[in-house]
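Secondary and tertiary structure notes
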Amino acid sequence: MIGDSMIHFDRVSKRYSGGFEALSEVSFSLRRGEMAFLTGHSGAGKSTLLKLIMLMERPNQGRIYVGGQNLEKFPRRQIPYFRRHVGVVFQNHHLLFDRTVFQNVALPLEIAGVSSREIGRRVRASLDKVGLLKKENSLPITLSGGEQQRVGIARAVVNKPPLLLADEPTGNLDPELSAEIMRLFQQFNQVGVTVLIASHDLALISHMKHRVMRLDHGQLVAGRG
Ligand SMILES: Nc1ncnc2c1ncn2[C@@H]1O[C@H](COP(=O)(O)OP(=O)(O)OP(=O)(O)O)[C@@H](O)[C@H]1O
């Protein structure tokens, strides 16, 4: 089962300092190439679950495998390398507002030491996929909320990660723009990227034919798969 899955949680619990248990014995598998939603009330543990997958937090109990690799055994010095294989999209974009769209998307490649010629090629391919090629020289402040979110998505996929995580990627957008952003995620999924999206937006999710995992006070109560 682990070999087949992109993400595998085996009775994972996370307690924050102060004693609050954000996740309790959570178990599930997400297959390679699958797309799923993670839902639940505010404070249910959605962001915590995503942070565990990208090694921003560590569990107190249980095992997590990403791409078949046990994260517990992951050497600290290899974490930056690991993160290049996991694209992450946040609600508030985390864009640098003093840099152009091109420079924002190029950032992960610069950090990875990619040549400037290759950077140009890959950034434009990425901007093309999200429909923003014409805005490469714009500053993020001049873009709409939906466009800013698409810059965040282009940056998340510029390294061609096999796994894409998103935390409330449509949080500030109207229903039409939200649907557009979700279609983009679906397009990446259709070319083989495994996608996990934390979202409150039940109306939007219910229109899409993907697995819905639901957290309730730190327990996975539906959609274990
Ligand atoms: N660093 C932290 N230290 C202590 N408690 C934390 C920390 N991060 C999160 N928590 C607590 O853990 C619980 C789960 O938080 P989490 O952010 O995972 O929930 P969520 O489902 O993503 O919520 P939301 O939809 O509001 O973002 C919350 O009660 C939160 O206050």
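Just above sits the structure.
The following refers to the structure shown. Since the model is a prediction, treat every value here as computed from it, not as a measurement.

Examining the site of the ligand
Close contacts around the ligand come from Tyr16, Gly18, Phe20, Ala22, Gly40, Ser42, Gly43, Ala44, Gly45, Lys46, Ser47 and Thr48, and that covers them all. A per-element tally of the shell around the ligand places helix α1 (residues 46–53) first, with 3 residues. Across the shell around the ligand, the residue classes tally to 4 nonpolar, 7 polar and 1 charged.

Structural notes on the packing of helix α3 (residues 101–111) against helix α5 (residues 145–157)
For the pair α3 and α5, interaxial distance at closest approach is 7 Å and the crossing angle is 30°. One element, α3, and the other, α5, form an angle in the roughly parallel class. α3 and α5 meet at a crossing whose hand is right-handed. Of the residues in α5, those touching α3 at Val101, Asn104, Val105, Leu107 and Pro108 are Val151, Ala154 and Arg155. Looking at side-chain class alone, the contact of α3 with α5 contains 6 nonpolar, 1 polar and 1 charged residues.

What to know about the environment of His85
Among the structural elements, His85 can be located in the loop between α2 (79–83) and β6 (86–90). The partly exposed category is assigned to His85, around which 14 C-beta atoms lie within 10 Å. Each C-alpha atom of the pair His85 and His200 lies 26 Å from the other, and the pair is 115 residues apart in sequence. Those residues in contact with His85, other than ones at most four positions away along the chain, are Pro161, Pro162 and Leu163.

Quick look at the pairing of strand β4 (residues 61–66)
If a strand is regular, its side chains alternate between the two faces of the sheet. Looking at chain direction, strand β1 (residues 5–15) and β4 are connected through 5 bridges and run antiparallel. Bridging from a neighbouring strand, His8 pairs with Tyr65 of β4. Sheet analysis places β4 next to strand β5 (residues 69–70), joined by 2 bridges and oriented antiparallel. Bridging across to β5, Tyr65 finds its partner in Asn70.

Here we look at the environment of Gly67
Examined against the element boundaries, Gly67 turns out to sit in the loop between β4 and β5. In the structure, Gly67 is positioned 59 residues away from His8 in sequence and 8.6 Å away in space, judged by C-alpha atoms.

Remarks on the pairing of strand β2 (residues 21–31)
As defined by bridge partners, β1 adjoins β2 across 7 bridges and the pair is classed as antiparallel. Among the inter-strand pairings, Arg15 is bridged to a residue of β2, identified as Glu21. Between β1 and β2, which follow one another and run antiparallel, lie 5 residues, and Gly18 among them has a positive phi close to 110°.

Let's talk about the nonpolar core
In terms of nonpolar packing, the biggest core is built from 57 residues, with Leu38, Val105, Ala154, Leu164 and Leu165 touching the most fellow members. Among residues more than four places away in sequence, those in contact with Leu165 are Leu50, Ile53, Met54, Val86, Val88 and Leu196.

Considerations on the sheet that holds strand β8 (residues 194–198)
Spatially, β6-β7-β8-β3-β9-β10 is the arrangement adopted by the 6 strands of the open sheet, whose pairing is mixed. Looking at the sheet topology across the chains shown, the edges are occupied by β6 and β10 (219–222). Along the sheet, successive strands turn relative to each other by an average axial angle of 20°, direction set aside. Relative to β8, strand β3 (residues 35–40) runs parallel, the two being bridged by 4 bridges.

What to know about the packing of α3 against helix α4 (residues 116–129)
Interaxial distance between α3 and α4 falls to 9 Å at its minimum, and their mutual angle equals 125°. When the axis of α3 is compared with that of α4, the two are oblique. The two elements α3 and α4 cross, and the hand of that crossing is right-handed. Listed contacts from α4 to Phe102, Val105, Ala106, Leu109 and Glu110 of α3 are Ile119, Arg122, Val123, Ser126 and Leu127.

Regarding α1
Each turn of an α-helix holds 3.6 residues, which means side chains three or four residues apart point in the same direction. Within α1, 6 of the 8 residues are buried, leaving the element largely enclosed by the surrounding structure. Leu55 sits one or two residues past α1 and shows a positive phi near 60°.

Things to note about the sheet that holds β5
Here 4 strands make up an open sheet; going across it, the order is β2-β1-β4-β5 and the pairing antiparallel. Looking at the sheet topology across the chains shown, the edges are occupied by β2 and β5.

About the cut-offs
Residues numbered from 1 in each chain as written. Predicted model: local features only at pLDDT ≥ 70, side-chain atom pairs only at ≥ 80, totals over all residues. Near = placed C-beta within 6 Å. Helix = DSSP H or I, 4+ residues; strand = E, 2+ residues; numbered from the N terminus. Nonpolar A, V, L, I, M, F, W, Y, C, P; charged D, E, K, R; others polar. Axes fitted to C-alpha atoms, helices over the stretch in contact; angles between N-to-C directions. Parallel < 35°, antiparallel > 145°, perpendicular 65-115°, else oblique. Left-handed = near helix turned anticlockwise from the far one by under 90°. Contact = placed C-beta atoms within 7 Å. Buried ≥ 20, exposed ≤ 12 C-beta atoms within 10 Å, placed from the backbone. Pairing = 2+ DSSP bridges. Core = buried A, V, L, I, M, F, W, Y, C linked by C-beta atoms within 7 Å.

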